[in-house]
Amino acid sequence: EPVLNPDTRVAGRGPLLVLTDGGWASAPDWDARQARLAEILEAADRDGRPVALYAMAGPLPPEDTPAFAPARRVAERLAGLQPLATRPDRAGFGAWLAAAQGEFETVWMTDGLASAGDAALVDALSDAGDVTVVAGDAGVYGVTPPRFEDGAVRVDVLRSTPGPVPELMLNAIGPDPRGIERVLGVAPAAFDETATETEAAFDLPLELRNRVTRIALTNQRSAGTVVLSDDALKRRKVGLVSGRQAREGPDLVAPLFYLEKALEPAAEVINAPLLDIIDTAPDVIVLADVGTLAATEREALIDWMEDGGLLVRFAGLRLAGSEDGKLEEDPLLPVRLRAGGRTVGGAMSWGAPKKQRPFPEQSHFFGHTAPTDVEVSTQVMAQPSPDLPDRVMAALEDGTPLVTGAPRGDGRVILFHVTANAEWSSLPLSGLCVQMLERLAISARGAALEAADLEGSVWSPVEVLDGFGTLIQPGPLAGVNGADLVAEPTGPTMPPGLYASGDRRFALNALRSEDRLAALEPLPESVNMETLTLAEEKRFKPYLWMIALPLLA
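Residues numbered from 1 in each chain as written. Predicted model: local features only at pLDDT ≥ 70, side-chain atom pairs only at ≥ 80, totals over all residues. Heavy atoms only, no water.

A sheet is described by the order of its strands in space; here seven strands give the open sequence S16-S15-S17-S18-S25-S24-S23, paired in mixed fashion. What marks the edges here is a single partner per strand, and that holds for strand S16 (267-271) and strand S23 (392-395). Mean inter-strand twist for the sheet, computed between neighbouring axes without regard to direction, equals 15°. In the sheet, strand S18 (residues 310-314) pairs with strand S25 (residues 411-416) via five bridges, with the strands oriented parallel. Looking at the pairing, Leu311 lines up with Val413 of S25. (Pairing = 2+ DSSP bridges. Helix = DSSP H or I, 4+ residues; strand = E, 2+ residues; numbered from the N terminus. Axes fitted to C-alpha atoms, helices over the stretch in contact; angles between N-to-C directions.)

Here is the structure:
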C-alpha cells in the first residue's frame with residue numbers, strides 16, 4: 001500500500017488528553033487550530049476513546065485528575081472555545097498533571113512560544129504516556145507598550161523566529177474630534193533577516209498623540225499585537241497662574257518655581273493670563289496664592305471646571321486674606337476657610353512645626369509614604385463642617401487638613417493648604433509633592449511605574465482585550481491591587497486591558513516592555529512532532545489496481 005503523506009496518528013483505545021495553549025499567540029491561526037482539534041476529536045470518537053480537553057491559558061481545573069468524557073460530548077464544546085488574551089500557564093498545568101494519577105495519551109497543540117514551564121510539562125505528560133505536539137506553521141509576532149522618546153511615540157515589534165519577512169505596518173488608532181475612531185498615524189517596522197526585534201516610531205503632533213488609544217500591527221490579529229495607551233503617553237496641558245509677580249532672574253521663592261520644575265519634563269506648561277489659558281482648553285489649571293478673581297475670570301473658570309477641568313489651588317497670604325470662602329462655600333474652593341490662618345514654630349507662636357500624618361486607606365494618596373522630614377509651619381484652616389472629613393485628602397499629625405478636594409460638576413477642585421513654594425512648609429521640596437501631583441493626574445508618567453508607586457490603590461477594569469485583540473466589557477471581574485498590575489503576570493483574573501483608579505488610567509498589555517519572544521525549544525526525541533496543517537494523505541492502491549487490471553486482461 002504505497003501512501004504519500006501517511007497519517008501518523010497513533011491509533012489506540014485508551015484515554016486521550018488534548019491540551020491547547022489557547023492564549024493570544026494562538027489567535028492568528030485560530031480557525032486552523034479549531035479545524036485540527038475537530039479532526040482529533042472526530043478520530044477519537046471513531047476509536048471510542050474518552051477525551052479530556054483543556055486550554056492552558058485558562059484557570060487550572062478544579063478536579064484532581066483529567067475529567068475524561070466521550071469524544072462526541074467534548075466536541076460540542078469546541079465551538080465555544082476562544083483564545084484568551086493571556087499566556088498559557090504551562091508550569092501550573094505541569095504541576096497539576098504531575099500530581100494526577102493514571103495513564104493516558106496526550107496531544108498538545110502549542111502556540112510555538114517558549115516558556116519557563118515547558119520542560120516540567122513535557123516530563124509530566126511523558127510519564128503518563130505517549131505525547132504528540134502539534135505546532136503552528138508560522139512564527140508569532142508581538143508589540144511592547146508605547147513610550148515617548150526623542151519627540152516620537154515608539155514601540156518594539158517582536159517575533160519568535162528570525163528569517164526573511166516583508167515590511168510590516170503599524171497603525172496608531174484613536175478618536176477624531178467628532179469621536180469617530182480613525183487611524184491617526186502609520187509607522188513601518190522592518191526586520192533584519194537575523195533579528196527577532198525592531199523598533200517602529202510614530203511622529204505625531206501633541207494633539208494627535210493625546211488621542212491615541214491603541215497601536216496595532218496590521219495583518220496580525222491577536223492581543224499580543226495590540227497595545228493600549230494610558231496616561232503615560234499623554235502630555236497634559238497645565239496652566240500656571242500666580243498671584244504674585246515673578247522677580248527678575250531665577251527666584252527660588254517664586255510661587256511657581258517648584259511647580260514648573262516638577263511639571264515641565266512631563267507636561268506642556270502654559271504661563272499666561274487666566275482667560276488666555278482657559279482658551280487653550282487645558283487639562284489642569286494651577287492657582288498659586290491667588291486671592292479674589294475678577295467676575296469674568298471667575299465665571300469662565302467655574303464653567304471650565306464644571307465641564308471636566310481639574311483646578312488645583314495653593315494657599316498663600318493673598319488667599320488667606322481674601323474673603324472668598326469665608327462666609328459661605330465658594331465653588332472655587334473645596335471647603336470653607338477660617339479667617340487668617342495658623343502659624344506654628346515661629347518666635348511669636350506656641351508649639352513646633354507639624355509633621356504630616358500617614359495617608360489613610362480611603363485617601364486618594366494612599367500607598368505613598370509621608371516623609372518624616374516634611375514640616376508645616378503655616379497653613380490656612382478649614383471651617384469645621386459635617387462633610388469636612390469626606391473632603392480631607394491629607395492631614396497633619398494633629399488632624400488639621402493639609403489637602404482637601406471636592407467635585408464640581410464633571411471636574412474637581414483641590415486645595416493645598418500651604419504655599420506652592422517653601423515659605424509655609426517643606427512639602428514642595430520633597431519628592432512626595434511630585435507624587436501627589438501624579439496621583440492627581442496632573443503630569444504624565446515619564447518613566448515606568450514600580451510596584452511601590454501603585455501600592456495600596458485599587459484598580460477596576462474598564463475594558464479588557466480578548467485573544468484577538470478586541471476591546472470588550474470586563475464582565476464580573478474584581479478590582480486589582482495596584483502593585484499587582486506592575487509586578488504580577490496577566491491571567492484569567494487580571495487580563496490585559498484598561499484599568500482605572502479615580503481619574504487615572506493604566507494600560508495593562510499582553511506584553512511588557514522587557515518581554516521578548518522565543519521559539520519553543522527542541523523537545524525530546526520521544527515526543528512526536530506534527531505541524532498544524534498536515535498534508536492530505538494520498539493512497540496509490542486504487543490507481544495501481546486501475547493499471548494492473550488492464551495489464552492482467
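Taken as a whole and judged by the stated rule, the model has seven aromatic pairs. Consider the rings of Phe68 and Phe104, whose centres lie 5.9 Å apart with planes at 50°: the pair is tilted. Of this pair, Phe68 sits in the loop between strand S3 (50-55) and strand S4 (69-70) while Phe104 sits in the loop between helix H3 (90-99) and strand S5 (105-109), placing them 36 residues apart in sequence. Given a relative accessible area of 30%, Phe68 falls into the partly exposed group. Measuring from ring centre to ring centre gives 5.3 Å for Phe257 and Tyr258, while their planes differ by 85°; the resulting arrangement is edge-to-face. Three or more aromatic residues joined by ring pairs make a cluster, and in this case those are Tyr54, Phe93 and Trp96. In this structure, Arg209 packs its charged tip against the face of Phe148, placed 3.8 Å from the ring centre. The ring of Phe468 has Arg221 lying over it, and the distance from NZ or CZ to the ring centre is 4.3 Å. (Phe/Tyr/Trp six-rings, centres within 6.5 Å; stacked < 30°, edge-to-face > 60°. Buried < 20%, exposed > 50% of the residue type's maximum accessible area, 1.4 Å probe, protein only. Lys NZ or Arg CZ within 6 Å of the ring centre and 35° of its normal.)

Within S5, five of the five residues are buried, which leaves the element mostly enclosed by the surrounding structure. Of the two faces of S5, the one carrying Glu105, Val107 and Met109 and the one carrying Thr106 and Trp108 are both buried. Looking at chain direction, strand S2 (residues 16-20) and S5 are connected through five bridges and run parallel. Bridge pairing in S5 links Leu16 to Glu105.

All right, on to a negative patch on the surface then. Taken together, the side chains of Glu299, Asp303, Glu306, Asp307 and Asp410 make up a negatively charged region of the molecular surface. Structurally, Asp303 can be placed in helix H8 (residues 295-306). Residue class for Asp303 comes out partly exposed when judged on its relative accessible area of 39%. (Patch = residues over 30% accessible without salt bridge, like charges linked within 9 Å, V, L, I, M, F, W, Y side chains within 5 Å. Areas by Shrake-Rupley, 256 points an atom, 1.4 Å probe, with all protein chains shown as cover. Salt bridge = Lys/Arg side-chain N within 4 Å of Asp/Glu carboxyl O. Lys, Arg positive; Asp, Glu negative; His and termini not counted. Charge placed at Lys NZ, Arg CZ, Asp CG, Glu CD.)

All right, on to the pattern of salt bridges then. Under the defined criterion, the tally for this structure stands at 23 salt bridges. For the salt bridge of Arg36 with Glu39, the shortest nitrogen-to-oxygen distance reads 3.8 Å. With Arg36 and Glu39 both in helix H1 (residues 30-47) and three residues apart, this pair spans about one turn of that helix. A residue is classified by how much of its surface remains accessible, and Glu39, at 48% relative accessible area, is partly exposed.

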